[in-house]
Amino acid sequence: MNGSDIFFPKAIFTNHSLSGEKVIKSTRILAELEGVFQDQKAFDLLDKQQVIYYVSSYMPVPENTTGGLFMGITTLYPGKVGNEYFMTKGHFHATTDRAEFYWGVEGEGMLILMDAERNVWVERMFPGSLHYIPGKIAHRVANTGHQKLVFAASWPSDAGHDYETIAANGFARRLVDINGIPTLS
Ligand code: PAN
Ligand code: ZN
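A brief report on the enclosed structure follows. (Residues numbered from 1 in each chain as written. Chains lettered and ligands numbered in written order. Predicted model: local features only at pLDDT ≥ 70, side-chain atom pairs only at ≥ 80, totals over all residues. Heavy atoms only, no water.)

**A look at the nonpolar core**
Logical step 1: Judged by nonpolar contacts, the single largest core of 38 residues is most densely connected at F37, Y102 and V141.
Logical step 2: Taken together, the elements giving at least two residues each to this core come down to α1 (40–45), β4 (51–58), β5 (69–76), β9 (109–114), β10 (120–125), β12 (138–143) and β13 (149–156).
Logical step 3: Element by element, the count of residues in this core is highest for β9, at five residues.
Logical step 4: Listed in part, the six residues of the second largest apolar core include L18, V23, I73 and V150. (Core = buried A, V, L, I, M, F, W, Y, C linked by side-chain atoms within 4.5 Å. Buried < 20%, exposed > 50% of the residue type's maximum accessible area, 1.4 Å probe, protein only. Helix = DSSP H or I, 4+ residues; strand = E, 2+ residues; numbered from the N terminus.)

Structure representation (structure tokens):
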């Protein structure tokens, strides 16, 4: 090995976000979550421009490449719409059988999972929690704490995202705050 074989990594993660040439950043404001929460009256009273979450994703290969991997870090703010916690949109993968890892980095939350028969269950998220999301399982995350929830994810580059199914039918159950306790209703 000589000096010309030593490279700087193509992406780095610091301060809970990714940076590098092939990193794509996106932000979701409350207006983009219209219809996601049950309490429309409470939704209407909130500032629609507020950022609910942002994601930085390292995509070293083009989308839809078979055999590649992506990695993303999501920061989800604390808050509620009525008694329902702020959460990500949630999706199935477009290539339905593609799996994914999520892992907790900072803060507290719940990973909400739903299978094709609309059975719903949740896993607690905390710094160090590791979650294997099998293929064909819809996934979304709720921040049940009082601070930012940061989690990382890695998924196959040909997984794609099907948001439409969740936008149309939602999840079969909702994670709500009942007397300070996250409860699946
Ligand atoms: C994650 C999610 C990210 C944002 O990287 O895309 O947490 O959630 P939504 O995509 O549901 O808005 C992932 O699951 N990728 O496949
Ligand atoms: Zn996913």
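**Description of the coordination of the zinc ion (ligand 2)**
For a metal bound by four donors in a tetrahedral arrangement, the ideal donor-metal-donor angle is 109.5 degrees, while six donors in an octahedral arrangement ideally sit at 90 or 180 degrees.
Logical step 1: Here the zinc ion (ligand 2) is held by H91 (NE2), H93 (NE2), E100 (OE) and H139 (NE2), and the distances to it run 2.1 to 2.3 Å.
Logical step 2: Note that the zinc ion (ligand 2) binds six donor atoms; their angles at the metal cover 73 to 172°, and the shape is octahedral.
Logical step 3: The sequence pattern describing where the donors of the zinc ion (ligand 2) fall on their chain is H-x1-H-x6-E-x38-H. Taken together, the positions of E100 in strand β8 (residues 100–106) and H139 in strand β12 put the pair 39 residues apart, joining distant regions of the chain. For the pair E100 and H139, a shared accessibility class is recorded, and that class is buried. (Donors = N, O, S within 2.8 Å, 3.2 Å for Na, K, Ca; no water. Tetrahedral: all angles 85-135°; square planar, octahedral: opposite > 155°, others 65-115°.)

**Some points on the sheet that holds β10**
Logical step 1: Spatial strand order, β10-β9-β12: three strands in an open sheet with antiparallel pairing. The open sheet terminates on both sides in strands that have one partner only, identified here as β10 and β12. For this sheet, the mean angle separating the axes of adjacent strands, direction not counted, is 25°.
Logical step 2: Relative to β12, β9 is paired through six bridges, and the arrangement is antiparallel. Across the sheet, the residue bridging to I112 is R140, located in β12. (Pairing = 2+ DSSP bridges. Axes fitted to C-alpha atoms, helices over the stretch in contact; angles between N-to-C directions.)

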